[in-house]
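Tertiary structure, described
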2 protein chains.
Amino acid sequence: MTDLLHFEDFRAGQIFALGTHTLTPEEMIDYARDFDPQPQHLDPEAAKDLLGGLAASGWYLCALAMRMMVDGLFNRSTSLGAPGVDEVQWRRPVRAGDKVRLDGEVLDKRGSSRPERGFVRFRFSMWRPKETGEDERVMMFTCSVMFRRRAPAGSA
Amino acid sequence: MTDLLHFEDFRAGQIFALGTHTLTPEEMIDYARDFDPQPQHLDPEAAKDLLGGLAASGWYLCALAMRMMVDGLFNRSTSLGAPGVDEVQWRRPVRAGDKVRLDGEVLDKRGSSRPERGFVRFRFSMWRPKETGEDERVMMFTCSVMFRRRAPAGSA
């Protein structure tokens, strides 16, 4: 248990690298068929007008980010989940073949009304490398995640 | 084309009923296995401590809501998509067997810098009926959706 990340282990400014993923047309279209069957996510011809070509559902990018957050951070921590997310921004169309990476920056933290827990607020960002210049931020959101403390607030 | 909902057809206070859905354990677990493999969404024993029993991933509720929004509203409109969502709140655990309903309330609307388009801001809410009393709001978020106008702003 002691090597799990607890509330006390987070501090503002930390950045967690949460891996990379290359999108396939199959996974984008599978998700869109189930959950977001709009032409811009399913029909290459219709998508040309709207987004310059077939693009992943914004909700699929969130789902993909969550998988990377769970594998890279939450499942090696005392995370107890989150009551929601804020300011989800889908900033650029993401296409099949794009290799994206995810990171999570700690913005701030605060106690909970329950002394054995606390909240850490992150900004999760999905980036797409560019051939030259800075990576593009294609998607981002903020999220306050509840973690267990090693020791109750106010103790020792 | 003329029976599609355009920007002009929305006004603050309208509420769109977007159907109902009864969650199955299979669909909840399939989603969690792919995108949110945390114990509270996969392991009934571990979930007892955290959420009083197995609960749907919050992101799965968003995905389900999006499907109902597309089927019930966007695909019978001139929707051009949304740049993001805000204030996603997962307010109550949602369980297998729960029958939820979704509605979308128009909060306000505004023009776009492009005269042939405009933004309509909605609050989408997922509700669970209770045996007695008011329905519980289990999930909600706001979203500004871009629609085509019937006629460009400032014309006629």
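Model, not experiment: these values are computed from the prediction. Sequence order as written defines residue numbering, which begins from 1 separately in each chain. The order in which chains are written sets their letters, starting at A; the order in which ligands are written sets their numbers, starting at 1. Totals for whole chains, interfaces and linings use every residue, but because this is a predicted model, local features are given only for residues with pLDDT of at least 70 and side-chain atom pairs only at 80 or more, for both listing and counting. With hydrogens and water stripped out, all remaining heavy atoms of the structure feed into the side-chain values.

1. Some words on the sheet that holds strand β1 (residues 15-22) of chain B
- The sheet built from 10 strands is open, its strands ordered β1(A)-β3(A)-β4(A)-β5(A)-β2(A)-β2(B)-β5(B)-β4(B)-β3(B)-β1(B) with antiparallel pairing. A single partner strand is all that each edge strand has here, and the edge strands are β1 (15-22) of chain A together with β1 of chain B. For this sheet, the mean angle separating the axes of adjacent strands, direction not counted, is 20°.
- A pair of strands is treated as paired once DSSP finds two or more bridges between them. Each helix corresponds to a stretch of at least 4 residues labelled H or I by DSSP, and each strand to a stretch of at least 2 residues labelled E; elements are numbered beginning at the N terminus. Across 3 bridges, strand β2 (residues 84-90) of chain B lies against strand β5 (residues 136-148) of chain B in antiparallel orientation. Directly across from Trp 90 of chain B, in β5 of chain B, lies its bridge partner Met 139 of chain B. Angular values range over 0 to 180 degrees, each being the angle between N-to-C directions of two axes fitted as lines to C-alpha atoms, with helices fitted over their stretch in contact.

2. Observations concerning helix α1 (residues 25-35) of chain A
- Throughout, exposure labels follow a simple rule: accessible area from a 1.4 Å probe, protein chains only, divided by the maximum for the residue type, with under 20% read as buried, over 50% as exposed, and the rest as partly exposed. Those residues of α1 of chain A that sit buried are Glu 27, Met 28, Ile 29, Tyr 31, Ala 32 and Phe 35 of chain A.
- Next to the buried residues of α1 of chain A lie β1, α2 (39-42) and α4 (58-72) of chain A together with α1 (25-35) and α4 (58-72) of chain B. Contacts were defined at the residue level, with two residues in contact if any of their heavy atoms lie within 4.5 Å.

3. Notes on the relation of the copies chain B and chain A
- Expressed as a screw transformation, the operator carrying chain B onto chain A has a rotation angle of 180° and an axial translation of 0.0 Å, and the superposed copies differ by an RMSD of 0.0 Å. On the angle and the small slide along the axis, the relation comes out as a two-fold axis. Closest approach to the rotation axis within chain B is made by the C-alpha atom of Asp 86 of chain B, at a distance of 2.5 Å. Here the copies were fitted onto each other by least squares, based on C-alpha atoms from residues at pLDDT of at least 70 in both.

4. Points about the interface of chain B and chain A
- Each partner contributes residues to the interface: chain B has 34 residues there, and chain A has 34 residues.
- Buried area counts how much accessible surface, traced with a 1.4 Å probe, disappears from two parts once they are put together, with both parts' losses summed. Summed over both sides, the interface of chain B with chain A buries roughly 2,700 Å², with 61% coming from carbon and sulfur.
- The largest share of the area that chain B buries against chain A comes from Phe 35, Trp 59 and Val 85 of chain B, three residues that together contribute 24% of it.
- Any carboxyl oxygen of Asp or Glu that lies within 4 Å of a side-chain nitrogen of Lys or Arg is treated as forming a salt bridge with it. Linking chain B with chain A are 0 salt bridges.
- By the criterion applied in these results, polar contacts are pairs of N or O atoms within 3.5 Å in which, for protein atoms, one can donate a hydrogen and the other can accept it, and in which residues neighboring in sequence qualify only through two side-chain atoms. Run the count over chain B and chain A and you get 14 residue pairs in polar contact (both at pLDDT 80 or more).
- Elements with a minimum of two residues in the side of chain B that touches chain A: α1, α2 (39-42), α4 and β2 of chain B.
- In this classification, the charged set is Asp, Glu, Lys and Arg, the nonpolar set is Ala, Val, Leu, Ile, Met, Phe, Trp, Tyr, Cys and Pro, and all remaining amino acids, among them Gly, are polar. A breakdown of the residues in the side of chain B that touches chain A according to their chemical character gives 20 nonpolar, 7 polar and 7 charged.
- Bridging between strand β2 (residues 84-90) of chain A and β2 of chain B involves 4 bridges; their strand directions are antiparallel. By the bridge assignment for β2 of chain B, Val 85 of chain A is matched with Val 88 of chain B.

5. Considering the confidence of the model for chain A
- Across chain A, the average pLDDT comes to 95, with 98% of residues at or above 70.
- On the interface metric, ipTM, the complex scores 0.95, and its pTM is 0.95. A score from 0 to 100, pLDDT tells how confident the predictor is in each residue.

6. Details of the pattern of salt bridges
Residue and element names in this part refer to chain B.
- One pass over the structure, following the stated rule, counts 24 salt bridges over all chains.
- For Arg 33, the salt bridge goes to Asp 30, with nearest N and O atoms at 3.7 Å. In this pair, Arg 33 and Asp 30 both sit in helix α1, 3 residues apart, roughly one turn of the helix.
- Using a relative accessible area of 44% as the deciding quantity, one classes Asp 30 as partly exposed.
- For Asp 71, the salt bridge is made with Arg 67, and the minimal N-O distance between the two is 2.9 Å. With Asp 71 and Arg 67 both in helix α4 and 4 residues apart, the pair spans about one turn of that helix.
- For Asp 71, a relative accessible area of 47% corresponds to the partly exposed category.
- The partly exposed category is assigned to Arg 67, whose relative accessible area is 28%.

7. Some points on the environment of Phe 74 of chain A
- Within the secondary structure, Phe 74 of chain A is located in the loop between α4 and β2.
- Of the residues examined, Phe 74 of chain A reaches a relative accessible area of 5% and is grouped as buried.
- Remark: the alpha-carbon pair of Phe 74 of chain A and Leu 5 of chain A, spanning 69 residues in sequence, is separated by 8.5 Å.
- Look past the residues within four positions of Phe 74 of chain A in its chain and what remains in contact with it is Met 66, Met 69, Ser 79, Phe 124, Val 145 and Phe 147 of chain A together with Gln 38 of chain B.

8. Examining the side chain of Gln 14 of chain B
Residues and elements named next belong to chain B.
- When you line up the elements, Gln 14 lands in the segment before β1.
- For Gln 14, a relative accessible area of 15% puts it in the buried group.
- Among the polar contacts made by the side chain of Gln 14, one reaches the main-chain carbonyl oxygen of Asp 9 at a distance of 3.1 Å.
- A polar contact is formed between the side chain of Gln 14 and the backbone nitrogen of Arg 11, at a distance of 2.8 Å.
- Apart from the residues lying within four places of it in its own chain, the contact partners of Gln 14 are Asp 9, Gly 104, Glu 105 and Val 106.

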